[in-house]
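Here's the letter readout for the chains.
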Amino acid sequence: MTSRRGSSQAMNPIAGRHNRRPIAAVATAAALLPTLFSASACGGPADAATGSGDLTVMTWAPSGTGSADRPGMTALAEAIGKDLNVKGGLGGRRLNVITCNEHNTADGAKACAQQAVDAKAVAVLGSYSQFGDDFMPVLERAGIPLIGGYGLSQPEFSSPLSYPVGGGMPALIGGSGRQLVEAGCKAVSLIRPDTPAGDNLLGYLGNALKPAGIKLLDVKAPEKSNDYSPVVRKAIGTDQAGNCVTSALGAEPTGNLLDAFRRTGAKNTRIASVIGSVQQSVVDSTGGDSGPLSGAFVTGWYPPESAKIWDGLRATIRADSGRHIDAADPGVQTTWVAYEVFKQISERLTAAGQTITSKAATTLLDGGEPIDVGLTPPLNWATTNMLPSTESPRLVNTWVTFQVVKGGQMTLQRPGFVDVRWVLTGGKPPA
């Protein structure tokens, strides 16, 4: 099932720009090293000793393209592979992690998908690409599931072989609206790209605000600008108490947007945003507790990076000391969640005496038994759990976290997850 050309931007307002990007018996190190990887024409690590009995998976992301780059995702995948192999692999098989640079192009995405096919990969895990219209049909023809894609393209939320672990931009912007309702905002301005994908965000935010009778102001912004002052002035209006502004522009333009907020001297308007546009690195680079994001609301897919539940991710990153991997990056976190899901799949299949294959994995995932890795609510891709939407039925995780910047750190504003399924379906809030 694929969508028409051009729909890849529908799930994320920054998909059309260049703004983007976790497994058992223990064996001796001598028997397991060197860690084995296959040669990757797309730029993954190489080791000619890779064995035919290895279990192959792939992760891709753009690199060397500018602000779209997500090298931390592929670097983490390689680090996970090393760690798992030291611990004995999966199901008694060495995990062969291949990575690919999709160059932020349609042809690059197709090439990475074809490499996964040629390598007989069991699954593509994590990964970041806006070109789902191009890579998903390649995986579908080979029966290879995509588990935990970042969610930049509509096919990731519609293909029967896609198993997204997050709710994409729809869940984030709908969650931001509910977070602002709880904050007591009287009026909300949405700063969003002047694109069709941005138009979609307006609808989701409107669904979240309408039951509370909150006025919504649509503020269209250029996708790239060195001066967002006119946009900010329109969004804050008279800077009255109760005015709130939420944005979804991506990390790089958000930095410029925050510079404009600082220059306006606005004191009464409350700022909010979504993960990906704001993350800990953005908080740090804009002044931390003394910057414009102090007290800001942020809606995310997962708990903040400071949460203890990310200890495994942080330990894996520390063990891979040769490269910088940002544990707060949502792409890195999504890749970790994807590998944790695959670990559970492998453990269940092995316990049942089954061979770990693409078909066995998809059969298990479609069977309705929840996968719970602790970083999201239990994930369930059974038909009965699908979103009643023709555009995004695979969007099964409609839960988000409410965070707030406090003391210069992104922390949970309230414990646990908040379900915004009713927002995404245009329904009514729960009683």
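Residues numbered from 1 in each chain as written. Predicted model: local features only at pLDDT ≥ 70, side-chain atom pairs only at ≥ 80, totals over all residues. Heavy atoms only, no water.

(A) How the structure looks around helix 8 (residues 251-264). For helix 8, spanning 14 residues, the distance from its first C-alpha to its last is 20 Å, which sits close to the expected 20 Å at 1.5 Å a residue. Among all positions of helix 8, only Pro-253, Thr-254, Gly-255, Leu-257, Leu-258, Ala-260 and Phe-261 are buried. Positive phi appears at Gly-265, one or two residues downstream of helix 8, with a value of about 70°. (Helix = DSSP H or I, 4+ residues; strand = E, 2+ residues; numbered from the N terminus. Expected span 1.5 Å × (residues − 1). Buried < 20%, exposed > 50% of the residue type's maximum accessible area, 1.4 Å probe, protein only.)

(B) Seen up close, the environment of Leu-364. In this fold, Leu-364 is placed in helix 12 (residues 358-366). Under the relative-accessibility criterion, Leu-364 is labelled buried at 16%. Sequence separation between Leu-364 and Ile-345 is 19 residues, and the spatial gap between their C-alpha atoms is 7.4 Å. Among all residues touching Leu-364, those that are not within four sequence positions of it are Ile-345, Arg-348, Leu-349 and Ile-371. (Contact = heavy atoms within 4.5 Å.)

(C) Layout of the packing of helix 10 (residues 311-319) against helix 11 (residues 330-351). Taken N-terminus to C-terminus, the directions of helix 10 and helix 11 make an angle of 105°; their axes are 11 Å apart at the nearest point. On the basis of their axis angle, the class for helix 10 and helix 11 is roughly perpendicular. Residues Gly-312, Leu-313 and Thr-316 of helix 10 lie in contact with helix 11, whose contacting residues are Val-332, Gln-333 and Trp-336. Each residue belonging to the contact of helix 10 with helix 11 can be placed in one class, and the counts come to 3 nonpolar, 3 polar and no charged. (Axes fitted to C-alpha atoms, helices over the stretch in contact; angles between N-to-C directions. Parallel < 35°, antiparallel > 145°, perpendicular 65-115°, else oblique. Nonpolar A, V, L, I, M, F, W, Y, C, P; charged D, E, K, R; others polar.)

(D) The pairing of strand 11 (residues 399-406), seen in detail. Of all 8 residues that make up strand 11, 6 are buried, and the element is covered over most of its length. Across 4 bridges, the pairing between strand 10 (residues 297-300) and strand 11 is antiparallel. Across the sheet, Gly-300 pairs through a bridge with Thr-401, a residue of strand 11. Where strand 11 lies against strand 13 (residues 418-419), 2 bridges are found, and the strand directions are antiparallel. Following the sheet pairing, Val-400 is matched in strand 13 by Val-418. Taken together, the 4 bridges between strand 11 and strand 12 (residues 409-412) define a ladder with antiparallel strand orientation. Of the residues in strand 12, the one forming a bridge with Lys-406 is Gln-409. (Pairing = 2+ DSSP bridges.)

(E) Geometry of the state of the cysteines. In the structure shown here, the tally under the stated rule is 2 disulfides. Here Cys-100 is linked by a disulfide to Cys-112, with a sulfur-sulfur distance of 2.1 Å. Its S-S torsion of about -85° marks the bond between Cys-100 and Cys-112 as left-handed, since a negative value means left-handed. Here the residue Cys-100 occupies a position in strand 2 (residues 95-101), and Cys-112 occupies one in helix 3 (residues 106-118), the gap between them amounting to 12 residues. For the pair Cys-100 and Cys-112, a shared accessibility class is recorded, and that class is buried. Disulfide partner of Cys-185: Cys-244, at an S-S distance of 1.9 Å. One disulfide, between Cys-185 and Cys-244, carries an S-S torsion of -85° and so falls in the left-handed class. Of the two residues, Cys-185 is situated in the loop between helix 5 (168-182) and strand 6 (187-193) and Cys-244 in strand 8 (residues 243-247); the sequence distance between them amounts to 59 residues. (Disulfide = S-S within 2.5 Å.)

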